[in-house]
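# Fold and contact review
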Amino acid sequence: MGTGNREQGTVEVVELLPITNYPLPITHHPSPITHHQLSNMTNQNKRPRLVLTLGDPAGIGPEVILKALADPEVTQNCDLVVVGSRNLITITYENISKNIDNDLILANPADLSIIDLPTAGEIVTGVGNAVSGAASFAYMEYAISQTLAGEFDGIVTGPIAKSAWKAAGYNYPGQTELLAAKAGFNILNDRFGMLFVARSPFTGWTLRTLLATTHIPLCQVPNTLTPELLTKKLDLLVECLENDFGLKNWRIAISGLNPHSGEMGQLGTEEIDWLIPWLESERQKYQAKNSLNQLEGLIPPDTMWVKPGLAWYGNGEVKNPADAYLALYHDQGLIPVKLMAFDRAVNTTIGLPYVRTSPDHGTAFDIARKGIADATSMKAAIQLAVELVKHQVK
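Keep in mind it's a predicted model, so treat the numbers as computed, not measured. (Residues numbered from 1 in each chain as written. Predicted model: local features only at pLDDT ≥ 70, side-chain atom pairs only at ≥ 80, totals over all residues. Heavy atoms only, no water.)

### Section: the pairing of strand S7 (residues 154-157)
- The two faces of S7 match: Gly154 and Val156 on one face and Ile155 and Thr157 on the other face are all buried.
- Relative to strand S14 (residues 355-359), S7 is paired through three bridges, and the arrangement is parallel. In the sheet register, Ile155 faces S14, and the bridge partner there is Arg356. (Buried < 20%, exposed > 50% of the residue type's maximum accessible area, 1.4 Å probe, protein only. Helix = DSSP H or I, 4+ residues; strand = E, 2+ residues; numbered from the N terminus. Pairing = 2+ DSSP bridges.)

### As for the confidence of the model for the chain
- Model confidence for the chain is summarised by a mean pLDDT of 84, while 86% of its residues fall at 70 or above.
- Summarising per-element confidence for the chain, the mean pLDDT is lowest in strand S2 (residues 26-28) (37) and highest in strand S12 (residues 324-327) (97).
- Counting interchain partners and residues more than four positions distant, the pLDDT-below-50 stretch residues 1-44 has 115 contacts. (pLDDT = per-residue confidence, 0-100. Contact = heavy atoms within 4.5 Å.)

### Quick notes on helix H12 (residues 330-341)
- The terminal C-alpha atoms of H12, which comprises twelve residues, lie 16 Å apart, in line with the 16 Å expected from a rise of 1.5 Å per residue.
- Gln332, Gly333, Leu334, Pro336, Val337, Met340 and Ala341 are the residues of H12 that are buried.
- Close packing links the buried residues of H12 with strand S8 (193-199), strand S9 (206-211), strand S10 (251-255), helix H11 (306-313) and S12. (Expected span 1.5 Å × (residues − 1).)

### Some remarks on the side chain of Arg283
- Note on placement: Arg283 falls in helix H10 (residues 270-289).
- A polar contact of 2.9 Å, which involves the side chain of Arg283, links it to the backbone oxygen of Leu295.
- A distance of 3.5 Å separates a polar atom in the side chain of Arg283 from the backbone oxygen of Gly297.
- If we ignore the near neighbours within four places in the chain, the residues touching Arg283 are Leu295, Glu296 and Gly297. (Polar contact = N/O pair within 3.5 Å; in protein donor to acceptor, adjacent residues only side chain to side chain.)

### Comments concerning the pattern of salt bridges
- Counting across every chain of the model gives eleven salt bridges.
- Here Glu141 and Lys182 are joined by a salt bridge, their closest N and O atoms 3.2 Å apart. One end of the pair, Glu141, is in helix H5 (residues 130-148); the other, Lys182, is in helix H7 (residues 175-182), and 41 residues separate them in sequence.
- Judged by relative accessible area, which is 37%, Lys182 ranks as partly exposed.
- Across the pair Asp235 and Lys285 runs a salt bridge whose closest N-O atoms are separated by 3.1 Å. Placement of the pair is Asp235 in helix H9 (residues 227-244) and Lys285 in helix H10, with a sequence separation of 50 residues.
- Assessed through its relative accessible area of 18%, Asp235 is described here as buried. (Salt bridge = Lys/Arg side-chain N within 4 Å of Asp/Glu carboxyl O.)

Here you go:
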């Protein structure tokens with residue numbers, strides 16, 4: 001997946017219509033479909049109702065959505081609606097279909113249910129700016145409002161550029177924080193979290209990693225971490241394992257903060273000052289409820305990922321890999337996740353009143369509309385959303 005700057009000489013400008021007031025009807029060719037009709041159809045069939053946001057329209061979101069929705073294994077078990085610009089989606093489809101010499105299979109926009117939110121201004125392919133940021137933010141706002149209103153069971157979000165949001169005047173650290181704020185949460189204190197889920201193509205083992213802190217500078221991590229915060233995150237992770245994944249007897253591994261988990265205070269004192277006492281208290285709490293539940297730690301951050309790596313790749317026998325891993329800050333958890341599962345990991349926001357998943361990659365502006373973006377993670381995000389909705393319905 002590309003992440004660098006777009007190549008010179010490949011700029012493509014898409015002129016789109018001004019934004020109209022929403023909510024707007026779902027457009028579906030050849031026959032339109034309304035929200036009311038979609039809700040009735042879903043209730044009758046008891047199929048998860050998912051809304052997909054396009055993400056930043058200058059990036060690879062339109063392409064990976066068209067590729068994902070062309071796969072019947074992705075679409076057969078749910079009802080899907082895309083929020084974005086029909087014009088831009090159609091242009092992406094036509095550009096890739098006509099100009100890329102390969103055997104790519106794309107969903108035809110004429111066959112998709114699309115909530116058409118035209119964009120004010122020009123979208124420049126491969127360039128995230130205030131226009132594209134405003135568009136991706138509008139897609140999110142619409143999806144959130146309609147899901148909170150009960151029109152959808154979950155949201156699958158395309159990748160956005162935080163810098164484009166900021167250029168458009170929206171200062172949220174990321175989509176997770178926007179989702180939490182719109183749900184009425186205090187984004188600094190409430191019980192929601194970023195859980196990354198991926199299933200190994202080599203062994204079938206499932207990696208689950210929750211971040212205790214997310215989009216904050218590294219220097220703020222030690223002061224942000226508190227016993228109260230970690231208790232909220234751990235409780236949330238336990239609820240997710242038990243209710244969303246059906247794991248009643250679980251094993252959770254928890255990382256230390258400092259190198260070697262502090263080396264008895266020689267490399268940092270947070271572990272001996274409060275992290276170890278906190279973990280012991282939580283261990284007693286959960287084993288009193290179920291003696292089969294296990295909290296492992298504090299595991300040195302560099303070695304915590306050895307077992308998951310072996311379980312992922314199948315290199316030798318692995319005894320008792322954890323069902324989930326609690327990392328204390330962003331890169332501590334996501335460097336190993338992306339090393340193992342960059343093309344198939346899914347970011348899911350747990351603790352919300354609805355399901356939200358997202359592919360674990362960025363906008364890849366440098367390869368936008370070139371036909372080479374990998375849709376594996378988007379497919380996995382849709383499939384995980386379906387699985388989580390079905391668990392919640394039971």
